Amino acid sequence: MPHAKAADGARIAYQTAGVGSPLLLLGGQSNNHHWWDGIRTDFETAYRTVSLDYRGTGDSDKPDIRYSTMGFAEDAIAVLDDLGMDRVAVYGTSMGGRVAQWLAARFPDRVHTLVLGCTSPGGRHAVERGAEVRKSLAGVDSAAVRQALLELMYTPRYLASASGPFNTLGDPEMPAYAKRRHLYASNRHDAWDVLPDIAVPTLVVHGTDDRFNPAANAPLLVERIPGARLALIPGARHAYFDEFRDTASPLVLEFLRAAQQ
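The following refers to the structure shown.

Basis of the calculations
Along each chain, the written sequence defines residue order, and numbers are assigned to residues from 1. Where totals are concerned, whole chains, interfaces and linings use all residues; where local detail is concerned, this predicted model gives features only for residues with pLDDT of at least 70, and gives and counts side-chain atom pairs only at 80 or more. In computing side-chain values, all of the structure's heavy atoms are included and hydrogens and water are not. Elements are defined by DSSP. Helices are runs of H or I of four residues or more, strands are runs of E of two residues or more, and each kind is numbered from the N terminus. When we talk radius of gyration, it's over C-alpha atoms, and the globule rule is simply 2.2 Å times the number of residues to the 0.38. Per-residue accessibility, obtained with a 1.4 Å probe over protein chains only, is compared with the maximum for each type, and a residue is labelled buried under 20%, exposed over 50%, and partly exposed between these values. Residue contacts follow a heavy-atom distance rule, with two residues in contact if any of their heavy atoms lie within 4.5 Å. Note that accessible areas follow from Shrake-Rupley with a 1.4 Å probe, and for residues the cover is restricted to the protein chains shown. Salt bridge, as used here: a side-chain nitrogen of Lys or Arg that lies within 4 Å of a carboxyl oxygen of Asp or Glu. The definition of a polar contact used here is a pair of N or O atoms within 3.5 Å, where within protein one atom must be able to donate a hydrogen and the other to accept one, and adjacent residues in sequence count solely through side-chain atom pairs. Paired strands, in this sense, are two strands between which DSSP finds at least two bridges. Structural elements are reduced to axes, namely lines fitted to C-alpha atoms, with helices fitted over the stretch in contact, and the angle between N-to-C directions of any two is expressed from 0 to 180 degrees. Each nonpolar core is a collection of buried residues, namely Ala, Val, Leu, Ile, Met, Phe, Trp, Tyr and Cys, held together in the definition by side-chain atoms within 4.5 Å.

### Thoughts on the overall build of the protein
Moving on, step 1. Along its length, the protein carries nine helices and eight strands.
Moving on, step 2. Taking 2.2 N^0.38 as the reference for a compact globule, 261 residues should give roughly 18 Å; the C-alpha atoms of the protein span a radius of gyration of 17 Å, in line with that estimate.
Moving on, step 3. Each principal axis of the C-alpha distribution contributes one length, and for the protein these read about 45 × 40 × 35 Å.
Moving on, step 4. In the protein, which comprises 261 residues, the share counted as buried stands at 52%.
Moving on, step 5. Of the contacts made within the protein by residues no fewer than 6 positions apart, 76% connect residues no fewer than 24 positions apart.
Moving on, step 6. With the model as given, the accessible surface of the protein reaches about 11400 Å², and the carbon-plus-sulfur share is 50%.

### Things to note about the pattern of salt bridges
Moving on, step 1. Summed over all chains, the structure comprises eight salt bridges.
Moving on, step 2. The salt bridge involving R55 is made with D8; its shortest N-O contact spans 2.8 Å. Placement of R55 in the loop between β4 (47-52) and α1 (69-83) and of D8 in the loop between β1 (3-5) and β2 (11-18) is noted, with a sequence separation of 47 residues between them.
Moving on, step 3. Each of D8, R55 and D75 takes part in a single network of salt bridges with overlapping partners.

### Points about the side chain of S60
Moving on, step 1. As for its position among the elements, S60 is in the loop between β4 and α1.
Moving on, step 2. Note on S60: relative accessible area 3%, which makes it buried.
Moving on, step 3. Within polar-contact distance, the side chain of S60 engages the backbone oxygen of D53 at 2.5 Å.

### A look at the sheet that holds strand β5 (residues 88-93)
Across a sheet, strands are paired by hydrogen bonds formed along the backbone, either parallel or antiparallel in direction.
Moving on, step 1. Strand order in the open sheet made by the eight strands is β1-β2-β4-β3-β5-β6-β7-β8, with mixed pairing throughout. Of all strands in the sheet, those bounded by a partner on one side alone are β1 and β8 (229-233). Taken over all neighbouring pairs, the strand axes of this sheet differ in orientation by 25° on average, direction set aside.
Moving on, step 2. As paired strands, strand β7 (residues 202-207) and β8 are joined by five bridges and run parallel to one another. Along β8, the bridge assignment pairs H206 with L232.

### Observations regarding the nonpolar core
Moving on, step 1. Counting 47 residues, the largest nonpolar core has L26, V90 and L103 as the members making the most contacts within it.
Moving on, step 2. Those elements that place two or more of their residues in this core are β2, β3 (21-26), β4, α1, β5, α2 (95-106), β6 (111-117) and α7 (217-224).
Moving on, step 3. In this structure, V205, F212, A231 and V252 belong to the second largest nonpolar core, which totals 31 residues.

Below, the structure is given as structure tokens:
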């Protein structure tokens with residue numbers, strides 16, 4: 001598997017598939033590139049998809065140092081540099097959407113189109129998940145925590161018929177310290193002040209029933225990013241892109257196509 005070298009020397013593993021213009025896919029907190037398994041094929045006939053293993057996950061290095069969403073964005077730039085890609089479309093979901101905000105705001109010459117899924121601006125302006133959700137994820141019973149996370153990601157109807165594997169529940173091989181570093185990075189994200197600097201076509205997508213990252217964050221992003229469009233998927237929870245892929249993937253593809261005409 002190829003690796004790019006980050007500014008601090010850390011090796012960042014990345015993956016490519018498909019043909020066409022490049023599309024960078026950024027997944028969620030404490031997840032590696034398998035977040036996109038089964039979904040990226042929706043994009044591979046039109047795009048050369050690029051994913052990465054965040055530092056601390058997958059085949060990337062796992063330094064025990066402070067992580068940040070801005071740092072993850074810099075790692076993504078290292079991957080694009082290694083591939084020789086100047087400008088790309090970016091589709092970031094969950095924490096990946098937070099990373100994507102920094103990419104579009106701080107590296108405007110590297111991003112031409114942006115999709116932000118199930119994410120938030122972070123900081124004091126964001127709408128935080130409720131106390132009940134936080135409590136369900138902080139328990140000591142690992143099976144109960146996993147079930148709580150599944151129910152935040154997917155609807156009961158989907159879980160009743162799906163057998164898995166579920167690729168959105170985190171990298172099972174991550175060291176505990178790296179999970180803490182990821183949690184810190186996501187919790188400390190605050191891009192509110194730079195969102196108005198994003199000057200590329202932007203689509204914000206969110207499931208209406210998302211309690212993990214409340215759907216109320218979506219209009220905040222749309223109001224803050226000039227010209228951004230909002231697309232809500234009725235009934236979807238956090239993993240809208242997975243469970244509702246028949247709706248979400250064509251929606252994103254159409255936006256990307258129209259934005260690049």
